[in-house]
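Structural description and commentary
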Amino acid sequence: MSSTRPLLSVKDLAVSFATEDGVVHAVDGVSYTLAPREILAIVGESGSGKSVTVMTLMGLTRGVNARFGGSAVFGSTDLLTATEEQLERIRGNDIAMIFQDPMTSLDPVYKIGDQIIEQIRAHENVSKAVARDRTITLLDEVGIPRARERVDSYPHELSGGMRQRVMIAMALSCNPSILIADEPTTALDVTIQAQILERIKQLRDSTDTAVIIVTHDLGVVADIADRIVVMYSGRIVEQGTVDEIFYDPQHPYTWGLLGSITRLDRERPRRLPSIPGAPPSLLDPPKGCHFRPRCPHEFDRCQEVPPLEAHIGEAPGHLDRCWLSTEEKRTRREVGEGQIGLARPQETPA
Amino acid sequence: MAIEPASELSSVEGGTGFEAVAEREHAVGVGPWRLAGRRLRRNKVALAFGVLFLLLVALAVAAPIWANDVAHTTTSANHLTEILHEGNKQVYVVSLSGVPVGPQWFAAGGKFFLGADDNGRDVMVRLLYGARTSLEIGIAAAIITTVLAVVVALFAGYMRGITDTILSRIMDIMWAFPVVILGVALGTALSIGGLKIGPVTLQSGSIAIPILIIGFVYVVYMARPLRGQVLSMREKEFIEAARAQGMGSIRIMFTEILPNLASTIVVFFPLAIANAILLEAYLSFLGAGVQPPTPSWGEMISEGIDRITTAPHLTIVPGLMLVLTVLALNIFGEGVRDALDPRAKVRISDN
Amino acid sequence: MIAVLFAISVITFAIFNVIPNGDPAFRLAGHSATPATIATIRREWGFDKPLYVQYEKTMQKIFDGTLISYSTQTNVDTEIRHDIWPTISLAVGAALIWMFFAICLGMYSALKAGKISDRFLTVLALTGISMPVFWVGALLSYYLGFKAGIFPNGGYTSLTSNPVQWAWHLILPWAALSILFIGVYSRLVRSSILDTINEDFVRTARAKGLGQRRVLLRHVLRNSLIPVISLWGLDFGAIIGGGAIVTESVFNLGGVGQYAANSIQSLDVPPVMALTIFIAFFVVLFNTIVDIMYAWLDPRIRLA
């Protein structure tokens, strides 16, 4: 890959919360890097810790009950140990974030223009007029029609897709080097989803911003990601480029994810394939590999936590956390003609 | 076991309430009541005040014991001319200038423990019997309010149509009447004339009158929120299912909807008692509640205020008892509410 | 709205004329009245007419200002006009004081949610709610007024005649009334703030890199106060209409509430009728004002 220094370097990130019922290990030793202009996708189901991971980068998970470990180095600052003042300077300015539900992410009592202006003026010493002009340009760039009038609208006067665009405009208003998008399209229509993703890609192309996109939707991932991190129960189980993950997945959980996508170009399966079982409790995770209880391929070695390592010589950036040998993986993941999935070899649909 | 295609799982992680998410995940398998009980038990302060309330009730129940065996008097017996022996001094229960004696504690063997009022009556005895009256009124009125509110809410919320329109209009009217004014109006009118409903006659001095008035006046405040809940419950599937099974309306209301109102009712009830006790005090102060010589906290405070310049303890003592009781109920009620419906414990980050 | 007022007037009339077994003519006549006197009074005052006629006449007199009280023989309308000033003074002062303290305490409590200081303030607030206003008032009046002589012992001085005395006489009543409302409102504010802090848009505000203070004041407070201000408007309306009966009575302010209390106690129906409508009118009026205010505060409600 590139030899430039990574924009963001996360090492062994661990986040836990003390709750009424015990300690929740939401993130358990996550490491990845982010290069400029790169779109990194963090994939997983709810409870995998994917949201906590990125929110921690912004310091939004700090609280009396939270404990952190590891490091997340951005430039010369470790985001985990930075002071609140330092974080305030970084947030919205160097690292910006958009959230899942655009319907509730904007303050209902202020006009959208004013909310963007607020952000600009919080980080840059410009006049209201200049900020307003910039805001109108931004709204235009994200595809909001009649931006000059819309800038004085209230959030409730806009549709979900529009509001998400406003969020993107707001996030990009101070030209951050990293944009984090936490499930940006989950609450939106499929058609709008495509538009938003397209917008994000375009913006990356024109502004060099790196993007971390958190999602559970592999369709979204296939669309725009360069690299993928697959998370399960607080840990990274597989990591690699989009091609590596889609065409040579190494971890059974990834097979399960890929296998549960229904495809138009194949025969309709009798049953929707899915990963049996439920994600483990974060309070009391299984010993060893967290996926063990749901994995049809588990064997006695799995009682020991598999390290996240590269097993394929030609792909040093493709890491996975599974004890199976590479040949076994490539065999077992074939559950049908060219079909990747998690079903037991004996349960291949006839 | 839940089998869900990975691509259809909705993301639950929103907001900063991660602890709540985890908590929810772990709470599977424990019913909401037991969970609430657990939480309540952890709330030491609320429990302490709940126990305090029970102690006060116990004191009230023990009133006759104190009256007969310790103070050897009744609530109305006046000892105007009696003389107490304080050490080797001799003090009149009520001095010649009309000033009653202050708290004796155990100096006179328990008599006039908290002093006397200017009629020569034993304050402690009156206080305990007053507790009885106030608590009786409070609890009975709260029960009336709850029962009526539930019935009104069920009928208005479930039946809708004309029933709802009429009941809601009535509730709107009552809502516009400030509680105290309505209570005072009814209280004054009824305490003078008594009440005659069909074959039942209530004398003007009967405490059933304040009970009914207070119970009635607060119905609206409980019925409205409950009605809202009934309205939303009405649209849920389990009601549709019940109707499909052929259950009649009345049965649905009382066997399906009512149990779901239980947690709201449980939260409201201690607060209803507290409010009833307070309203009784307000009414008695204005002469529209408990009539003298029957003691109640409100009545005693009312009499005390008239004589506050000469004998402040007559105002302070019953007031403190009342405040303590109402406070205990309020704190316990808060604890119950927290136990049944905890907010995700979010902190603003410390800096 | 009119329907509600109408209904209230009917109910009040009913309470006082239908329920008690007393005859107003008897009361007016006094103890040593002869049957003839009573009959004359009955005719003069119209007690011999059917109830609905009496009601009608009373309502008429209320609106053309000629209503006379049974017991004091004074014009009710004049009396109300005179008494409204102490009530307004009490209401405005108390409302501002309690709101200011409630917001401060509520905000502090919310920021320290769960910690000892918060629990302590909650108990304090609940204590405020648990104390009858007249008890607090009487004790304040006694200890700070009568004994210590710092404050006057009740009564009211009008603002125009002597502003300093006006305030001086109102400090204790304001305090007594505020203690109750600070208790109620600080908890409302606290609760609303805690709800708002969990909202997504607050998270967005933080993610924008805004300072804590700005997030709190511009986003959290602004949103969380909306429901609280609405309730505040309603309570304020109720007090202006005479709802602070006991406070006015204990401090002898001579306001509308005290007038109502006295009239009720002497079963003086005309003022009671007038005052009930008066207070109901204000409650309904403020209901409307609050609705309008809500729309102004929350853009989502502003529809055509």
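Residues numbered from 1 in each chain as written. Chains lettered and ligands numbered in written order. Predicted model: local features only at pLDDT ≥ 70, side-chain atom pairs only at ≥ 80, totals over all residues.

1. With respect to the overall build of chain B
For the record, the criterion: Put simply, DSSP marks the helices as runs of H or I at least four residues long and the strands as runs of E at least two long, and each gets a number from the N terminus on. Neighbour density around each residue's C-beta defines its exposure: 20 or more other C-beta atoms within 10 Å make it buried, 12 or fewer make it exposed, and counts between make it partly exposed, where C-beta atoms are placed from the backbone. Here contacts are defined at the residue level, using C-beta atoms placed from the backbone and a cut-off of 7 Å between them.
Of the regular secondary structure elements, chain B holds 13 helices and four strands. For chain B, with 351 residues in total, the buried portion stands at 45%. Relative to all contacts within chain B whose residues are 6 or more apart in sequence, the contacts with residues 24 or more apart total 69%.

2. Points about the overall build of chain C
Broken down by element type, chain C carries 13 helices and zero strands. Buried positions account for 46% of the 304 residues belonging to chain C.

3. Quick word on the environment of C:Met107
Among the secondary structure elements, C:Met107 is positioned in helix H5 (residues 76–111). Residues C:Met107 and C:Ile277, spaced 170 residues apart in sequence, show a C-alpha to C-alpha distance of 37 Å.

4. Some remarks on the pairing of strand S7 (residues 178–182) of chain A
All names here are of chain A. To keep it simple, the criterion reads: Criterion used throughout: strands pair if DSSP finds at least two bridges between them.
With respect to burial, S7 is a largely interior element, five of its five residues being buried. By the alternation rule, side chains of S7 split into Ile178, Ile180 and Asp182 and Leu179 and Ala181, which are all buried. Strand direction decides the pairing type here: strand S6 (residues 95–98) and S7, joined by four bridges, are parallel. Among the inter-strand pairings, isoleucine 95 is bridged to a residue of S7, identified as isoleucine 178. With five bridges joining them, S7 and strand S8 (residues 210–215) adopt parallel strand pairing. What sits directly across from aspartate 182, in S8, is valine 214.

5. Points about the interface of chain C and chain B
Here is the rule we go by: Three classes are used, and their members are as follows: Ala, Val, Leu, Ile, Met, Phe, Trp, Tyr, Cys and Pro are nonpolar, Asp, Glu, Lys and Arg are charged, and the others, Gly among them, are polar.
Between chain C and chain B, the residue contacts involve 46 residues of the former and 46 residues of the latter. In the side of chain C that touches chain B, the residues fall into 33 nonpolar, 10 polar and three charged.

6. Quick notes on helix H8 (residues 208–217) of chain B
Extensive coverage of H8(B) is indicated by the burial of seven of its 10 residues. Along H8(B), the residues classified as buried are B:Ile209, B:Pro210, B:Ile211, B:Ile213, B:Ile214, B:Gly215 and B:Val217.

7. Observations concerning the pairing of strand S1 (residues 8–19) of chain A
All names here are of chain A. As paired elements, S1 and strand S2 (residues 22–34) share 10 bridges and run antiparallel to each other. Looking at S2, one finds that threonine 19 is bridged to glycine 22. Linkage of S1 to S2, two consecutive antiparallel strands, is achieved through a turn of two residues. Judged from the eight bridges that link them, S1 and strand S4 (residues 66–74) form a sheet pairing that is antiparallel. Paired with serine 16 across the strands is arginine 67, a residue of S4.

8. What to know about the packing of helix H11 (residues 249–285) of chain B against helix H12 (residues 297–306) of chain B
All names here are of chain B. The test is simple: To obtain an axis, a line is fitted to C-alpha atoms, over the contacting stretch when the element is a helix, and the angle between two such axes runs from 0 to 180 degrees between their N-to-C directions. Throughout, the term roughly parallel applies to angles under 35 degrees, roughly antiparallel to angles over 145, roughly perpendicular to angles from 65 to 115, and oblique to all others. It is the rotation of the near helix from the far one that decides the hand of a crossing: anticlockwise by less than a right angle makes it left-handed, clockwise makes it right-handed.
Orientation of H11 relative to H12, taken along the N-to-C sense of each, is 40°, at an axis distance of 7 Å. Taken together, the axes of H11 and H12 are oblique relative to one another. Crossing hand, H11 versus H12: right-handed. Contacts between H11 and H12 involve Glu280, Ala281, Tyr282, Leu283, Ser284 and Phe285 on the former and, on the latter, Trp297, Gly298, Glu299, Ile301 and Ser302. A breakdown of the residues in the contact of H11 with H12 according to their chemical character gives six nonpolar, three polar and two charged.

9. Things to note about the sheet that holds strand S5 (residues 77–78) of chain A
Strand-to-strand pairing in sheets goes through backbone hydrogen bonds, with the strands running parallel or antiparallel. The sheet built from four strands is open, its strands ordered S2-S1-S4-S5 (chain A) with antiparallel pairing. The sheet is open, and its two edges are formed by S2 and S5 of chain A, each paired on a single side.

10. A few points about the confidence of the model for chain C
For residues with low pLDDT, the predicted coordinates do not support detailed interpretation. Spelled out, the test is: On a range of 0 to 100, pLDDT expresses the predictor's confidence in each residue.
Looking at chain C, pLDDT values average 82 and 88% of them are 70 or higher. For chain C, per-element mean pLDDT is lowest for helix H2 (residues 24–29) of chain C, which scores 60, and highest for helix H9 (residues 200–207) of chain C, which scores 92.

11. What to know about the nonpolar core
Worth spelling out the cut-off: For this entry, the nonpolar core is defined as buried Ala, Val, Leu, Ile, Met, Phe, Trp, Tyr and Cys residues connected by C-beta atoms within 7 Å.
Counting residues in each nonpolar core, the largest one holds 270 residues, and the members touching the most others are A:Ile212 and B:Ala276. Apart from the residues within four sequence positions on either side, B:Ala276 is in contact with B:Ile137, B:Gly138, B:Ala141, B:Ala142, B:Ile214 and B:Tyr218.

12. Overview of the packing of helix H6 (residues 160–172) of chain A against helix H7 (residues 190–207) of chain A
Residue and element names in this part refer to chain A. One can describe the packing of H6 onto H7 by two numbers: an axis separation of 10 Å at closest approach and a directional angle of 15°. Taken together, the axes of H6 and H7 are roughly parallel relative to one another. As for the relative orientation of H6 and H7, their crossing is right-handed in sense. Of H7, the residues touching H6 (which contributes Gly161, Gln164, Ile168 and Leu172) are Ile192, Ile196, Arg199 and Leu203. Its residues assigned to classes, the contact of H6 with H7 comprises five nonpolar, two polar and one charged.

13. Description of the environment of A:Thr83
Residue and element names in this part refer to chain A. Within the secondary structure layout, threonine 83 lies in the loop between S5 and helix H2 (84–90). By the C-beta count within 10 Å, which is 11 here, threonine 83 ends up exposed. Expressed as a C-alpha distance, the spacing of threonine 83 and tryptophan 323, which sit 240 residues apart in the sequence, is 40 Å.

14. As for the sheet that holds S6(A)
Spatially, S6-S7-S8-S3-S9-S10-S12-S11 (chain A) is the arrangement adopted by the eight strands of the open sheet, whose pairing is mixed. A single partner strand is all that each edge strand has here, and the edge strands are S6 and strand S11 (309–310) of chain A.

15. Side note on unusual backbone geometry
For residues that are not glycine, phi is negative in most cases, and the peptide bond is trans in most cases. Residues and elements named next belong to chain A. Positive phi is not limited to glycine here, since arginine 37 has a value of about 70°. With respect to the element layout, arginine 37 can be found in the loop between S2 and strand S3 (39–43). We classify arginine 37 as partly exposed; it has 17 C-beta atoms within 10 Å. Located in the positive-phi region is asparagine 175, a residue other than glycine, with phi close to 50°.

16. Things to note about the environment of B:Ile316
All names here are of chain B. Looking at where isoleucine 316 falls in the secondary structure, it is placed in helix H13 (residues 313–340). Isoleucine 316 gets classed as partly exposed once you count the C-beta atoms within 10 Å, which come to 18. It is 26 Å that separates the C-alpha atoms of isoleucine 316 and threonine 188, two residues lying 128 residues apart in sequence.

17. Quick look at the confidence of the model for chain B
On average, residues of chain B carry a pLDDT of 77, and 77% of them reach 70 or more. Overall, residues 344–351 of chain B carries pLDDT values under 50, and its contacts beyond four positions in sequence, including any with other chains, amount to 21 contacts.

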